[in-house]
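# Summary of the model geometry
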Amino acid sequence: MNRLLLKWNVGLLALPLLLWIVLLIILPLSDLFISSFQEKVGVGVFEWGLGNYQAFLQEPFYWQTFIRTVLFSIIATMATLGVAFPVAYYIAKVARGRVKSMLFVLCLLPFWVSELVRNYGWMIILRESGLLNHFLMKLNLITQPIEFLYRDATVMMGLIYTSLLFMVVPLVVVLENLDESLLEASDDLGGGRLISLRRIIIPHAMPGIVSGCIMVFMLTLGNYLTATLLGGKESLWFTEHIYNQFMTRWNWELGSAMGFLLLVVSSALVWLGLRMTGQKLNKVMT
Amino acid sequence: MTFALECRSLSKRFGSFSAVSDVSFTISEGSFFSILGPSGCGKTTLLRMISGFCEPDKGDIVIHSRSMRGILPNARPVNMVFQQLALFPMMTVFENIAYGLRCRKVSKKKISFHVEEVLNRVGLAQSGSKKIDQLSGGQKQRVAIARCLVLEPKILLLDEPLGALDLKLREHMKIELKKLQTQLGTTFLYITHDQSEALVMSSHIAVMKEGRIEQIGTPQALYQSPKSSFVAQFVGDNNHWRGKIVQFCEPYVEVQTEEGWKLKALYSSSFQVGDRVDIFVRPEAMLVKSGEKKPNGWVNCFEGLVSSVVFNGGTRDLWVNVRGGNGSSFSKELKVTLPAQKGDGEACLPSGRAVEVGWDALSSHVLKVGVK
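Per chain, the residues get numbers from 1 upward, laid out in the order the sequence is written. The naming scheme follows written order: chains are lettered A onward, ligands numbered 1 onward. Reporting in this predicted model follows two pLDDT cut-offs: at least 70 for local features of residues, and 80 or more for side-chain atom pairs to be given and counted; totals over whole chains, interfaces and linings ignore these cut-offs and use all residues. With hydrogens and water excluded, all non-hydrogen atoms of the structure serve as input to the side-chain values.

Our next topic: the layout of surface pockets. All names here are of chain A. Estimated volume of the largest pocket: approximately 620 Å³. Counting only elements with at least two residues in the lining of the largest pocket, the list comes to helix H3 (60–94), helix H8 (180–188) and helix H9 (193–221). Just so you know the grouping, Ala, Val, Leu, Ile, Met, Phe, Trp, Tyr, Cys and Pro go in nonpolar, Asp, Glu, Lys and Arg go in charged, and all remaining residues, Gly too, go in polar. Of the residues belonging to the lining of the largest pocket, the class tally is nine nonpolar, five polar and five charged. Site definitions follow a grid-based scheme: protein atoms alone, a 1 Å grid, a 1.4 Å probe that fits but cannot get out for cavities, and for pockets an open set with protein on both sides within 12 Å along at least five of seven lines, plus lining residues having an atom within 4 Å of a point. Grid points are joined across faces, edges and corners, and a volume is the space filled by probe spheres set on the points. The helix count covers DSSP runs of H or I at least four residues long, the strand count covers runs of E at least two residues long, and both are numbered beginning at the N terminus.

Okay, a positive patch on the surface next. Patch definition: residues with relative accessible area over 30% and no salt bridge; like charges joined within 9 Å; nonpolar side chains (Val, Leu, Ile, Met, Phe, Trp, Tyr) joined within 5 Å. Each accessible area is a Shrake-Rupley result for a 1.4 Å probe, and residues are judged covered by the shown protein chains and nothing else. Any carboxyl oxygen of Asp or Glu within 4 Å of a side-chain nitrogen of Lys or Arg constitutes a salt bridge here. The convention is simple: Lys and Arg are positive, Asp and Glu are negative, and His and the chain ends are not counted. Here the site of a charge means NZ on Lys, CZ on Arg, CG on Asp, or CD on Glu. On the surface, A:Arg275, A:Lys280, A:Lys283 and B:Lys131 cluster together to form a positively charged patch. Here A:Lys280 lies in the loop between helix H12 (252–277) and helix H13 (281–284). With a 1.4 Å probe rolled over the protein chains alone, any residue whose accessible area is under 20% of its type maximum counts as buried; one over 50% counts as exposed, and the rest are partly exposed. By relative accessible area, which is 55% here, A:Lys280 ends up exposed.

Attention now moves to empty space enclosed by the protein. The rolling of a water-molecule-sized probe over the atoms marks out the regions of remaining empty space. Residue and element names in this part refer to chain B. Evaluated as defined, the whole model comprises one cavity of 30 Å³ or more. The volume enclosed by the largest cavity comes to roughly 30 Å³. His114, Glu117, Val118, Arg121, Leu149, Val150 and Glu152 together form the lining of the largest cavity. Sort the elements by how many residues they give to the lining of the largest cavity and helix H3 (residues 108–121) lands first, with four residues. Tallied by class, the residues present in the lining of the largest cavity amount to three nonpolar, one polar and three charged.

Contacts between chain B and chain A engage 22 residues on the former and 17 residues on the latter. Reported buried area values correspond to the accessible surface (1.4 Å probe) lost by two parts on association, with both partners' losses combined. A combined buried area of about 1700 Å² lies between chain B and chain A, and 61% of that area is made up of carbon and sulfur atoms. Sorting the residues of chain B by area buried against chain A places B:Asn74, B:Met90 and B:Tyr99 first, and these three jointly supply 32% of that buried surface. Our enumeration of links across chain B and chain A arrives at one salt bridge. Think of a polar contact as two N or O atoms within 3.5 Å of one another; within protein, one of them needs to be a possible hydrogen donor and the other a possible acceptor, and neighboring residues in sequence only count if both atoms come from side chains. Between the two partners, chain B and chain A, sit five residue pairs in polar contact (both at pLDDT 80 or more). Taken together, the elements giving at least two residues each to the side of chain B that touches chain A come down to helix H1 (43–51), strand S6 (78–81) and helix H2 (93–103) of chain B. Tallying contributions element by element places H2(B) first for the side of chain B that touches chain A, with five residues. Of the residues assigned to the side of chain B that touches chain A, the class counts are 14 nonpolar, four polar and four charged. Here, residues are in contact when the closest pair of their heavy atoms is within 4.5 Å.

Further remarks concern the packing of H9(A) against H2(B). Only the stretch in contact is used when a helix axis is fitted, and all axes are lines through C-alpha atoms; the angle between N-to-C directions ranges over 0 to 180 degrees. Packing of H9(A) against H2(B) brings their axes to within 12 Å, and their N-to-C directions diverge by 160°. Considering their axes alone, H9(A) and H2(B) lie roughly antiparallel with respect to each other. Crossing of H9(A) against H2(B): the hand is right-handed. On the side of H9(A), the interface is formed by A:Ile195, A:Ser196, A:Arg199 and A:Ile200, while H2(B) contributes B:Glu95, B:Tyr99, B:Arg102 and B:Cys103. Split by residue class, the contact of H9(A) with H2(B) holds four nonpolar, one polar and three charged. Throughout, the term roughly parallel applies to angles under 35 degrees, roughly antiparallel to angles over 145, roughly perpendicular to angles from 65 to 115, and oblique to all others. Helix crossings get a hand from a simple test, with the near helix turned counterclockwise from the far one by less than a right angle marking a left-handed crossing and a clockwise turn marking a right-handed one.

The next subject is the pairing of strand S8 (residues 187–192) of chain B. All names here are of chain B. Buried residues dominate S8, accounting for six of its six residues. Because side chains alternate across S8, one face comprises the buried residues Thr187, Leu189 and Ile191, and the other comprises Phe188, Tyr190 and Thr192, equally buried. In short, DSSP must find at least two bridges between two strands for them to pair. Two strands pair when backbone bridges link them, and strand S3 (residues 32–36) and S8 are joined in this way by five bridges, in the parallel orientation. Across the sheet, Phe33 pairs through a bridge with Leu189, a residue of S8. Seen with the strands pointing away from the viewer, any crossover whose path from the first strand over the helix to the second strand runs clockwise is right-handed. Where the polypeptide runs from strand S7 (residues 155–159) across helix H5 (residues 167–184) and back to S8, its parallel neighbour, the crossover connection is right-handed.

Below, the structure written as structure tokens:
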């Protein structure tokens, strides 16, 4: 009797998680999967087939955007790592006491407002009549305002800015666990700073680096707001295509196929990244 | 004569706290030198200054006639075995040992030759490909030492490396380290708070207290003729009294202790009546007798009760509760160490037994209070 009750209790505790997984992940994804293989042959009439994937491959505009988005995301991830690593190292190993927590909060601060507001903030700064142009004109560095928005570099900057925290947090966590005496030992044995970085710090931080990269890559690949707001209509971000298929073209089937492709490619790249760095997913994600 | 290491009036302050003040000593080549002191006495700071992780405020460190001022840790001819060993967990044993050689850009062939050789020397010939977490505590210890030895340092610094080991292994490693040092001939500078480690291994010991060196000498000298009360109490066990010299009665002086005891110690020309002194008697120098017959010929002799007996294997420690002399109500526990032998009546004294304890005037060590 008691055992049965216990079983029920455990079941009840797991229920929210189960509901979450089934209703918000498995069902929509299955639906996406199924409808990506449906071809519209008439009004409300569908047939099974690979037509949607064919349509994707036959339209260079689609797959070129797709490749561009993936490449951009990889570059953005690497750049985020490059920016976040020194920041995380400073927070974890150099800063002490109050400065340390203050720096951490400073990293967190932008995330107290929504992504939309943050992007509007950037737009206010960067647009033709924006703050940056205003100052540059005042300082007589330029004679005519420059449009900073709607450029690849601006999108890249926006993506790095948006993802920074997700890279800094896992890096700070692993770097804090780095025993200081290891660095001293390396120093004592004749290793300079670069050798210590390459042979001690980076190998130690690898789980954090990989987990941060996975998170940032996923976020960037699936980013819609930053790419659209800072990049404009011509930003050629793949999520925009998906949005258009669903919302303007009303072609949910092609949209599903595109969405599914994005999912498959991002999973494949994460797997590849794990293989290349020799990390295990469960170790990286805890 | 050149020394392996010379410290010339080293001082280091942290804020208002003086961690090391005016420390000078020399270590001759090939010796096993220990710095012994309680935690917080500045010994680790001293070691960190020698290894280069922290700069002295004053003074100079000279290694083989070369001043180390302004020389970075990675360029000093010393290597350090860290307290927690600090082996690189992401590397194998081989890679750990090869690390220093790789930093020096030694060729691969030479690296593997040297690493194999040093692995042989520390008795880990087959363990090169093992990961660090596959090793036992003692093996890790040896890898940490091998990692330094492969670089052939002028001095090997050891920062309480035995602290993390269990007792049995620690006893074993003490002997092992001593053997290794004798065999290699490298100068070892060993830091510890454990007096037995220092006594067993060292050829010379410097006892530190509150940032200063109290006494430097061989283990025998420190044990048998400590120059300060601190050394007498810190190195080995001692029964201790404090008192005043009341009169001379050749060849003895009579000391009245604060508890009211009258003790006799050997006369020395530096004593004067009225001098305040500390008297120390080693537990193994104490004599015990029970039974009807009063012992004769004991210069110092008191009646007491055995309050507890601690069996240590080879020896046994008696704690004897002794009343102060002349009807004083003050009592004191004295420690007496006896060899534990089979059928030895005196060694089998049970607690509660009335005994006579005493010692020869030669066995006590008298130090003037406030004089170094």
